[in-house]
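# Summary of structural features
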Amino acid sequence: MKALVKTKAQVGLELKEVPIPEPGPDDVCIHIMKSSICGTDLHIYDWDDWASANINIPLTIGHEYVGIIDKVGSNVSDYSPGDLVSGEGHIVCGRCRNCLAGRRHLCNKTLGVGIDRPGAFAEYLAIPVDNVWNCDRKIPLEILTCFDPLGNATHAALSFNVIGEDVLITGAGPIGLMAASIVRHAGARHVVVTDPNPYRLALAEKMDVTMAINPLQQDLIEIMDYLDMKEGFDVGLEMSGNPKALDSMLKHMSHGGKIALLGLLPETTVTDWNKVIFHGLTIKGIYGREMFETWYKMTTMLQSGLDISQVVTHQISYKDFTDGFELMRSGQCGKVVLDWEQM
Ligand SMILES: [Zn+2]
């Protein structure tokens, strides 16, 4: 089969012929229809410090996908060839305290598809049946392939009650944009998105946000005044990984505000902890998706009117993967989807 493989400790990926994976007794083998490029994949493509410290080459990468089950292992009885599925990219141990308590997203032995084991930028992928999500065929394939990042957005956006609340989202990458749609869908009053990238601000404008602003040009205090907000934002979703964005968020939260942190911050980030203390802020780290409550919620929200179609800005053949990664690097895109069925 064809696969995008990290073969060398340098920038790039190689389109290679590799063996089709054989599912183990508790696995399914999925024929990939579409996959999408994540920021993590770009780190691996670019072979930055994180990638060189965490990735063993050679490795087929990718963890966002949708496809059709091709084969099932001998112990699998509840899925069959032909089922339309996506899958949770975190493989958990099933035996630690959190796993046994049903908090599988908090497993401390999590392994990542396309990070610690072969991934989904390939014609076939084998994963444990416990990681499979049965897809609603009424949802378009280019949306189903985004269930992994949509799940990150859903996990963050539904961490706190947003009904009637004012929400600040820093970072209008795909996950920030999806989160904006979700909090709107969930009944937020004002949804303000900040990003210095004009392309992404224009995308945010299409997603029914209250205001999408460039923080280098506009002050949040003026925006709050314009929106007749009295005390600051009730909920903050930090999706940029930019220390200045986090700093600005801490300054503009109401007392008792709730913050979800998803963007990975540099180690050197300095935070005004006294603001967190004196203002009684709650901060929650978001990693991955709750298994599988998040998957259930994103499916039912899409079934009840959540629209994230504007986030998928590019659909290209897997053969043009280099163009896809260049687009990701340029920031002139939302989600980039690779089609594995275009010959
Ligand atoms: Zn575990």
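Per chain, residues are indexed from 1 in the order of the written sequence. Only residues with pLDDT of 70 or above have their local features reported here, since the model is predicted, and side-chain atom pairs are shown and tallied only from 80 upward, although totals for entire chains, interfaces and linings are computed over all residues. To get the side-chain values, take all heavy atoms of the structure and skip hydrogens and water.

### Some details on the overall build of the protein chain
Convention followed: Secondary structure follows DSSP: runs of H or I at least 4 residues long count as helices, runs of E at least 2 residues long count as strands, and numbering of each begins at the N terminus. Here the globule rule is a power law, 2.2 Å times the number of residues to the power 0.38, and the radius of gyration is based on C-alpha atoms. Each residue's exposure class comes from its accessible area (1.4 Å probe, protein chains only) as a fraction of the maximum for that residue type: buried when under 20%, exposed when over 50%, partly exposed otherwise. Should any heavy atoms of two residues lie within 4.5 Å, those residues are considered in contact. In this count, Lys and Arg are taken as positive residues and Asp and Glu as negative ones, while His and the chain termini are left out. The atoms used to mark charge sites are NZ of Lys, CZ of Arg, CG of Asp and CD of Glu.
A tally of regular secondary structure across the protein chain gives 12 helices and 18 strands. For 343 residues, the compact-globule formula gives about 20 Å, and the C-alpha radius of gyration of the protein chain, at 20 Å, lands near that figure. Taken along the three principal axes of its C-alpha coordinates, the protein chain extends 60 × 40 × 40 Å. Burial status across the protein chain gives 54% buried among its 343 residues. Across the protein chain, every contact between residues at least 6 apart in sequence was considered, and the portion connecting residues at least 24 apart equals 67%. In the protein chain, the 29 positive side-chain charges and the 43 negative ones have mean positions that sit 3 Å from each other.

### Considering the packing of aromatic side chains
To describe a pair of aromatic rings, one takes the distance between the centres and the angle between the planes. Cut-off, in case you're wondering: Ring pairs are drawn from Phe, Tyr and Trp, using the six-membered ring of Trp, whenever the two centres fall within 6.5 Å, and their geometry is named by plane angle: stacked under 30 degrees, edge-to-face over 60, tilted for the rest.
Applying the stated criterion across every chain, the model contains 6 aromatic pairs. Between Phe147 and Trp295, the ring centres sit 6.1 Å apart and the planes meet at 55°, which makes this aromatic pair tilted. In this pair, Phe147 sits in helix 5 (residues 147-157) while Trp295 sits in helix 11 (residues 293-303), placing the two residues 148 residues apart along the sequence. Judged by relative accessible area, which is 0%, Phe147 ranks as buried.

### Some details on the domain arrangement of the protein chain
Where the parts come together, the accessible area they lose is often given as the size of the interface. Threshold: The domain boundaries here were taken from an automatic or database domain assignment. Accessible area, probed at 1.4 Å, shrinks when two parts are joined; the buried area is that loss added up over both.
The domain architecture assigned to the protein chain consists of domain 1 (2-146 + 308-339) and domain 2 (153-285). Between domain 1 and domain 2, the C-alpha centre-to-centre distance is 28 Å. Across the boundary between the two partners, domain 1 contributes 12 residues, which contact 11 residues of domain 2. A buried area of about 980 Å², summed over both sides, lies between domain 1 and domain 2, and 69% of it is on carbon and sulfur atoms.

### Let's talk about the nonpolar core
Put simply, the rule is: Throughout this description, the term nonpolar core refers to a set of buried Ala, Val, Leu, Ile, Met, Phe, Trp, Tyr and Cys residues connected via side-chain atoms within 4.5 Å.
Among the nonpolar cores identified, the biggest contains 51 residues, and Phe147, Ile169, Val183 and Leu237 are the most heavily contacted of them. Secondary structure elements with two or more residues in this core: helix 4 (141-144), helix 5, strand 11 (167-170), helix 6 (174-185), strand 12 (191-194), helix 7 (198-205), strand 14 (233-238) and helix 11. Per-element tally for this core: the top contributor is helix 6, with 6 residues. When residues are assigned to domains, this core turns out to be shared by domain 1 (2-146 + 308-339) and domain 2 (153-285), each giving three or more. Membership of the second largest hydrophobic core comes to 38 residues, among which are Leu4, Tyr45, Val132 and Cys333.

### Digging into the pairing of strand 15 (residues 253-261)
For the record, the criterion: Here a strand pair is declared whenever DSSP counts at least two bridges between the two strands. When the strands point away from the viewer and the path from the first strand over the helix to the second turns clockwise, the crossover is right-handed.
Note: strand 14 against strand 15, 5 bridges, orientation parallel. Looking at strand 15, one finds that Glu238 is bridged to Leu261. Strand direction decides the pairing type here: strand 15 and strand 16 (residues 282-285), joined by 4 bridges, are parallel. Bridge pairing in strand 16 links Ala260 to Lys284. Viewed along the sheet, the connection from strand 15 through helix 10 (residues 273-278) into strand 16 turns out right-handed.

### Description of the layout of surface pockets
Think of a ball as big as a water molecule: rolled over the atoms, this probe shows where empty space is left. The line we're drawing: In this analysis, the protein atoms alone were mapped onto a 1 Å grid. Cavities are point sets where a 1.4 Å probe fits without being able to get out; pockets are open sets with protein on both sides within 12 Å along at least five of seven lines; lining residues have an atom within 4 Å of a point. Grid points are joined across faces, edges and corners, and a volume is the space filled by probe spheres set on the points. Any residue that is not Ala, Val, Leu, Ile, Met, Phe, Trp, Tyr, Cys, Pro, Asp, Glu, Lys or Arg is counted as polar, Gly included; the first ten are nonpolar and the last four charged.
Taken as a whole, the second largest pocket encloses approximately 200 Å³ of empty space. In terms of lining, the second largest pocket is formed by 14 residues, of which the most central are Met1, Pro21, Thr60, Pro118 and Gly119. Sorting the residues of the lining of the second largest pocket by element identifies strand 4 (59-60) and strand 9 (124-128) as the ones contributing at least two each. Taken together, the residues that form the lining of the second largest pocket break down as 11 nonpolar, 2 polar and 1 charged.

### Comments concerning the coordination of the zinc ion
Applicable threshold: Coordination partners: N, O, S within 2.8 Å of the metal, 3.2 Å for Na, K and Ca; water not considered, so apparent gaps in a site are possible. Between 85 and 135 degrees for all angles marks four donors as tetrahedral; over 155 degrees for opposite donors together with 65 to 115 for all other angles marks four donors as square planar and six as octahedral; every other arrangement is irregular.
For the zinc ion, the full set of protein donor atoms is Cys93 (SG), Cys96 (SG), Cys99 (SG) and Cys107 (SG), at a range of 2.3 to 2.4 Å. Around the zinc ion, the 4 donor atoms are arranged such that angles at the metal cover 102 to 117°; this shape is classified as tetrahedral.

### As for the pairing of strand 12
Alternating residues of strand 12 divide into Val191 and Val193 and Val192 and Thr194, and every residue in both groups is buried. In this structure, strand 11 lies alongside strand 12, joined through 4 bridges in parallel fashion. Looking at the pairing, Leu168 lines up with Val192 of strand 12. Chirality of the crossover, the property in question, places the unit of strand 11, helix 6 and strand 12 among those that are right-handed.

### Brief notes about helix 9 (residues 243-251)
Condition: The directions from the helix axis to the C-beta atoms form the arc being described. Counted as a polar contact is a pair of N or O atoms within 3.5 Å, where, for protein atoms, one must be capable of donating a hydrogen and the other of accepting one, and residues adjacent in sequence contribute only when both atoms are in side chains.
Among the residues of helix 9, Ala245, Leu246, Met249 and Leu250 are the ones counted as buried. Axial view of helix 9: buried residues confined to an arc of 135°, hence all on one face. Residues of helix 9 that are buried in the fold lie against strand 11, strand 14, strand 15 and helix 10. The opening residue of helix 9 is Asn242, an N-cap whose side-chain oxygen sits 2.8 Å from the backbone nitrogen of Lys244.

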